[in-house]
Amino acid sequence: MLSIRDLSKTYKDRQALKNLNLYIAAGEVYGLLGPNGAGKTTAINLICGLLQADSGEVFVNGKVVSDKTRPWIGVMPQENLLYRTLSCEENLMFFARIYGLARRLRSRRVQECLAAVNLLDRAKTPVEKLSGGMQRRLSLAIAIVHRPKLLILDEPTTGLDIEVRHEVWELIRWLSREEGMTILLTTHLLDEAERLCDRIGIVKQGHLLTEGTLLELRQRIPAREIVTIETSEPNKAVSLGTAHGFTPRRYGSELSFWIPEDLALKDLIERFDGVPLDAISRTPVKLEHVYLEITRGPER
Ligand code: ATP
């Protein structure tokens, strides 16, 4: 559905994308992750035809991006682009017209979209009277009003409370499963990517560093589990852990170890014999660990 070949883009003296290659199959939900400034929004703008690439090509549904491919793409931008004094219905009608939906289909489609994002009872409410979560949902409704084949969601749930976040996740799943949309989403929320994405790509400084399914990415860390400890003697813990074949890692202020074998808690604690342990916790390898490993600079 989406194929990006050797895409590069420079703003004045800053290269935002360097030979980016990406392929997303029809029906896939693909998550593009990366630190601030990695080039994610630039990639989205190039896919939508809002920016001109220096080199490389973008194909949507087999066609080079142009005015013709625009109706196949729906975008929910990072910042809601809504008319604040217009109602939900009026906003949707406006965008339905912009996307060229036939007049006789517009009303029905607008009602369908309002229902899909659970805003039917707010149809006549002006945007400025909606909560942040409702505005986000309306933004999603606008992105799908013309039934795009490829739906692009730029940080769909940033700034939303956890309850609304769950609602938006449910909607995204529904669009993927029931409507069969191909979805490209960017996010800084790694659990969001874990929950929603079939495949995940990690970009940094305009390069795709790695990609794969969640399982494939998790397997990049050779550990059965990650153990985090609190201790007043971290250096001693690192020496002992390393001697037992554990790989030490600092995640922020936390001291963790990759544990390559299955160990009972008693055996695990025994491995740190002589180190005062204030707390110990264990977790399976998560996308967060892989992401930190892949994006960390050599200086760390
Ligand atoms: P974020 O996660 O913060 O949204 P991003 O991955 O979307 O970041 P981009 O917004 O694509 O990153 O930016 C990529 C790089 O290009 C950054 O270094 C940014 O400062 C630069 N950049 C983006 N837009 C412009 C612009 N219009 N003019 C100049 N530089 C830009």
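Look above for the structure.
Notes on the structure in this doc start here. (Residues numbered from 1 in each chain as written. Predicted model: local features only at pLDDT ≥ 70, side-chain atom pairs only at ≥ 80, totals over all residues. Heavy atoms only, no water.)

### A closer look at the sheet that holds strand β11 (residues 225–231)
Defined as follows: Being paired, for any two strands, means DSSP has found at least two bridges between them. Every helix listed is a DSSP run of H or I at least four residues long, and every strand listed is a run of E at least two residues long, numbered separately from the N terminus. Here an axis means a line fitted to C-alpha atoms, over the contact stretch when the element is a helix, while the angle between two N-to-C directions is reported on a 0 to 180 degree scale. Every residue pair with non-hydrogen atoms within 4.5 Å of one another is taken to be in contact.
The strand order β12-β13-β11-β14 describes an open sheet built from four strands, whose pairing is antiparallel. A single partner strand is all that each edge strand has here, and the edge strands are β12 (247–251) and β14 (277–283). Averaged over neighbouring strand pairs, the angle between their axes works out to 30 degrees when direction is ignored. Pairing between β11 and strand β13 (residues 254–259): five bridges, direction antiparallel. Among the inter-strand pairings, glutamate 225 is bridged to a residue of β13, identified as isoleucine 259. Where helix α8 (residues 234–243) meets the sheet, its contacts fall on β11, β12 and β13, and the angle it forms with β13 comes to roughly 5 degrees. Contacts from helix α10 (residues 287–295) reach β11, β12, β13 and β14, with the element oriented near 90 degrees to β12.

### Re the site of the ligand
Heads up, the condition is: Here, proximity means that at least one heavy atom of the residue falls within 4 Å of the molecule or strand. For the purposes of these results, a polar contact is taken to be a pair of N or O atoms within 3.5 Å, where, inside protein, one atom must be able to donate a hydrogen and its partner to accept one; residues adjacent in sequence count only when each atom of the pair is a side-chain atom. All accessible areas in this document rest on Shrake-Rupley with a 1.4 Å probe, and a residue is counted as covered only by the protein chains that are shown.
Not every one of the 14 residues close to the ligand is listed here, only the nearest: Asn36, Gly37, Lys40, Thr41 and Thr42. Arginine 14 has a polar side-chain atom sitting 3.4 Å from an oxygen atom of the ligand. Within the side chain of glutamine 78, one N or O atom sits 3.3 Å away from an oxygen atom of the ligand. In isolation the ligand has 630 Å² of accessible area, and contact with the protein removes 64% of it. Elements represented by at least two residues in the shell around the ligand include exactly β2 (14–24) and α1 (40–47). In terms of residue count, α1 provides more of the shell around the ligand than any other element does, three residues in total.

### Observations regarding the sheet that holds strand β10 (residues 207–212)
Ordered in space as β6-β7-β8-β3-β9-β10, the six strands form an open sheet in which the pairing is mixed. A strand with exactly one partner marks an edge of an open sheet, and here the two such strands are β6 (73–76) and β10. Each neighbouring strand pair of the sheet contributes to a mean axis angle of 15 degrees, computed without reference to strand direction. Both strand β7 (residues 150–154) and strand β8 (residues 182–186) contribute to a ladder of five bridges, which runs parallel. Residue aspartate 154 lies in a different strand from β8, and its bridge partner there is threonine 186. Against the sheet, α1 engages β3 (29–33), β6, β7, β8 and β9 (199–204), with an angle of about 150 degrees to β7.

### Overview of the packing of helix α4 (residues 132–144) against helix α5 (residues 162–177)
What counts here: What sets the label is the angle itself: under 35 degrees gives roughly parallel, over 145 gives roughly antiparallel, 65 to 115 gives roughly perpendicular, and the rest give oblique. We call a crossing left-handed when the near helix sits turned anticlockwise from the far one by less than a right angle, and right-handed when that turn is clockwise. Under the grouping applied here, Gly and all other residues not named as nonpolar or charged are polar, the nonpolar ones being Ala, Val, Leu, Ile, Met, Phe, Trp, Tyr, Cys and Pro and the charged ones Asp, Glu, Lys and Arg.
Relative orientation of the contacting elements α4 and α5 amounts to 15 degrees, with a least axis distance of 10 Å. Classed by the angle they form, the pair α4 and α5 counts as roughly parallel. As α4 runs across α5, the sense of the crossing is right-handed. Seen from α4, the contacting residues are Gly133, Arg137, Leu140 and Ile144; seen from α5, they are Val164, Glu167, Val168, Leu171 and Leu175. Class assignment of the residues belonging to the contact of α4 with α5 gives a composition of six nonpolar, one polar and two charged.

### Focus: the nonpolar core
Within soluble globular proteins, side chains that are nonpolar tend to cluster in buried spots. Let me state the cut-off plainly: We define the nonpolar core as a collection of buried residues of types Ala, Val, Leu, Ile, Met, Phe, Trp, Tyr and Cys that are connected through side-chain atoms lying within 4.5 Å of one another. In this scheme, a residue with accessible area under 20% of its type's maximum is buried, one over 50% is exposed, and one in between is partly exposed, where area comes from a 1.4 Å probe on protein chains only. For the purposes of this description, domain bounds are those given by an automatic or database domain assignment.
Among the nonpolar cores identified, the biggest contains 54 residues, and Leu92, Leu138, Leu151, Ile183 and Ile200 are the most heavily contacted of them. The biggest single contributor to this core is α4, with seven residues. Shared between two domains, this core holds at least three residues of each, these being domain 1 (2–218) and domain 2 (225–284). The residues touching leucine 92, leaving out its near neighbours within four places in the chain, are Val110, Cys113, Leu114, Leu138, Ala141, Ile142 and Val145.

Remember, this is a structural readout, not a statement about activity or role.
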